[in-house]
Amino acid sequence: MEREEWLGLGPYSLPREQKRALYRRELTALTRHHRQNCPEYRRFLEALGCPEDTPLEPEEQPMLPVGLFKQRRLCSVPESEVFKTLTSSGTTGQQVSQICLDAVTSADQQLVLSRIVADFIGQQRLPLLVLDSKKVLQDRAMFSARGAGILGFSIFGSRSCYALNDEMQLDLEAVRAFVQQHAGRPMLLFGFTYIVWKEVVCALEERGEALPVPQGILIHGGGWKKLAGQAVSPAVFKERVAKALGVRQVYNYYGMAEQTGCIYMECPCGHLHASVWSDILIRRPQDHALCPPGEPGVIQVLSLLPRSYPGHSLLTEDMGVLLGEDDCPCGRKGKYFAVTGRLPRAEVRGCSDTYEG
């Protein structure tokens, strides 16, 4: 299967054995490509004693610790081909990752994002209510994961409205006018979890207000660590969103700047799903042995897309549990899982954590 073929696949169409064969070939080729073109990555593989030009199974691919992107600028293309540099989220005082994107990798990530999201909301472009401030989009050449997320999801909007002003306060008059203008038709709402909660849901509740968007579809991600500290479970989040906004189609997603585009969307059954273009493995923290389904461990993420930087096999700082593969009641093929928290002593992060509120 050539690159154009697997890029054009349905996002949840490939059963286990076919996906393994694809990943065995493509990930091995990516490891070879980055070894040849990124000196720092080559030294990393040499330190691990990884043999050259040896076909590897997906679970045998060398794992780059995701935190290394905060310490090194890892590029597999000449600097002249770097289309933009994406920075990860990070609270004040934290180091941030720098992800080098060339035009091809950036375009592939955008294409994959559009195919994944369309599987949940359909192909049509909808009025888009961005539950954030337009101020986030200031530097297009070097911008945060939060800004990249907003830009990425903007392709699904026929018209857009930003719910928050430059001071990160709810502009209720503008939002109400936008909602009334598009009343009676589906509307897409997008935002980062903690910001949606604090600056929209809680702000409306404090004012004793509500916004009727009964045909709204909310997609949100990042920032669960802060909400867990406030005893806000996913069920409570959805319940309060429904009361404040009238929205009952609420989809969480898991993703990171280091593998932009390959987000893991939550299906109606409440499971996060790996698409054709990404995969996960769960490993024991002590020895990195693979965890069977049901056993919590550290999440390793795989992606077919990164060619401008060695981000195709990353060991994250997140904990999760594999729930199954190819048999989710929602009908989507591939692995499905849950994120259970952060590794002890790992930095608190998430796209919305760039906002201290």
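Draft legend 1. Spatial organisation of the nonpolar core. Within the largest apolar cluster, 43 residues are counted, with the highest numbers of intra-cluster contacts made by Phe153, Ile219 and Met265. Of all the elements in the fold, those that place two or more residues in this core are α1 (3–7), α2 (16–37), α4 (103–121), β4 (126–133), α5 (145–153), β7 (187–192), β8 (216–221) and β9 (249–254). Non-local contacts of isoleucine 219, meaning those with residues more than four positions away in its chain, are made with Val117, Ile121, Phe153, Leu188, Leu189, Phe190, Gly191, Tyr251, Tyr253 and Met265. Core analysis: the second largest hydrophobic core is formed by 33 residues, Met187, Ile195, Cys202 and Phe237 among them.

Draft legend 2. Here's a closer look at the state of the cysteines. Counting across every chain of the model gives one disulfide. The disulfide bridge from cysteine 75 ends at cysteine 100, spanning 2.3 Å between sulfur atoms. One disulfide, between cysteine 75 and cysteine 100, carries an S-S torsion of -60° and so falls in the left-handed class. Highlighted residues: cysteine 75 in the loop between β1 (64–65) and β2 (84–87) and cysteine 100 in strand β3 (residues 98–101), separated in sequence by 25 residues. The same class applies to cysteine 75 as to cysteine 100, namely buried.

Draft legend 3. Spotlight on the sheet that holds β7. A sheet is described by the order of its strands in space; here six strands give the open sequence β6-β4-β7-β8-β9-β10, paired in mixed fashion. Single-partner strands in this sheet number two, and they are β6 (157–164) and β10 (264–265). Across three bridges, β4 lies against β7 in parallel orientation. Residue pairing for β7: leucine 129 is matched across the bridge by leucine 189. This element, α5, spans β4, β6, β7, β8 and β9 of the sheet and lies at about 170° to β7.

Draft legend 4. Local environment of the confidence of the model for the protein. Overall, the predicted model of the protein reaches an average pLDDT of 90, with 91% of residues at or above 70. Note that residues 348–354 has pLDDT below 50 and, in this model, 28 contacts with residues that lie over four places away or in other chains.

Draft legend 5. Expanded view of the layout of surface pockets. By volume, the second largest pocket is sized at about 380 Å³. Along the walls of the second largest pocket sit 25 residues, with Ala148, Gly149, Gly152, Thr260 and Gly261 positioned nearest its centre. For the lining of the second largest pocket, the secondary-structure elements that each account for two or more residues are β2, α4 and α5. Of the residues forming the lining of the second largest pocket, the biggest block, six residues, is contributed by α5. A breakdown of the residues in the lining of the second largest pocket according to their chemical character gives 15 nonpolar, nine polar and one charged.

Draft legend 6. Highlighting empty space enclosed by the protein. Under the counting rule described, the total for this entry stands at two cavities of 30 Å³ or more. Here the largest cavity is characterised by a volume of approximately 90 Å³. Lining the largest cavity, in full, are Thr28, Thr31, Arg32, Arg35, Cys50, Pro51, Glu52, Asp53, Thr54, Leu56, Gln61 and Pro62. Looking at the lining of the largest cavity residue by residue, the classes come out as four nonpolar, four polar and four charged.

Cut-offs used in this document
Residues numbered from 1 in each chain as written. Predicted model: local features only at pLDDT ≥ 70, side-chain atom pairs only at ≥ 80, totals over all residues. Heavy atoms only, no water. Core = buried A, V, L, I, M, F, W, Y, C linked by side-chain atoms within 4.5 Å. Buried < 20%, exposed > 50% of the residue type's maximum accessible area, 1.4 Å probe, protein only. Helix = DSSP H or I, 4+ residues; strand = E, 2+ residues; numbered from the N terminus. Contact = heavy atoms within 4.5 Å. Disulfide = S-S within 2.5 Å. Pairing = 2+ DSSP bridges. Axes fitted to C-alpha atoms, helices over the stretch in contact; angles between N-to-C directions. pLDDT = per-residue confidence, 0-100. 1 Å grid on protein atoms, 1.4 Å probe; cavity = no way out; pocket = protein on both sides within 12 Å on 5 of 7 lines; lining within 4 Å. Points joined across faces, edges and corners; volume = space filled by probe spheres on them. Nonpolar A, V, L, I, M, F, W, Y, C, P; charged D, E, K, R; others polar.

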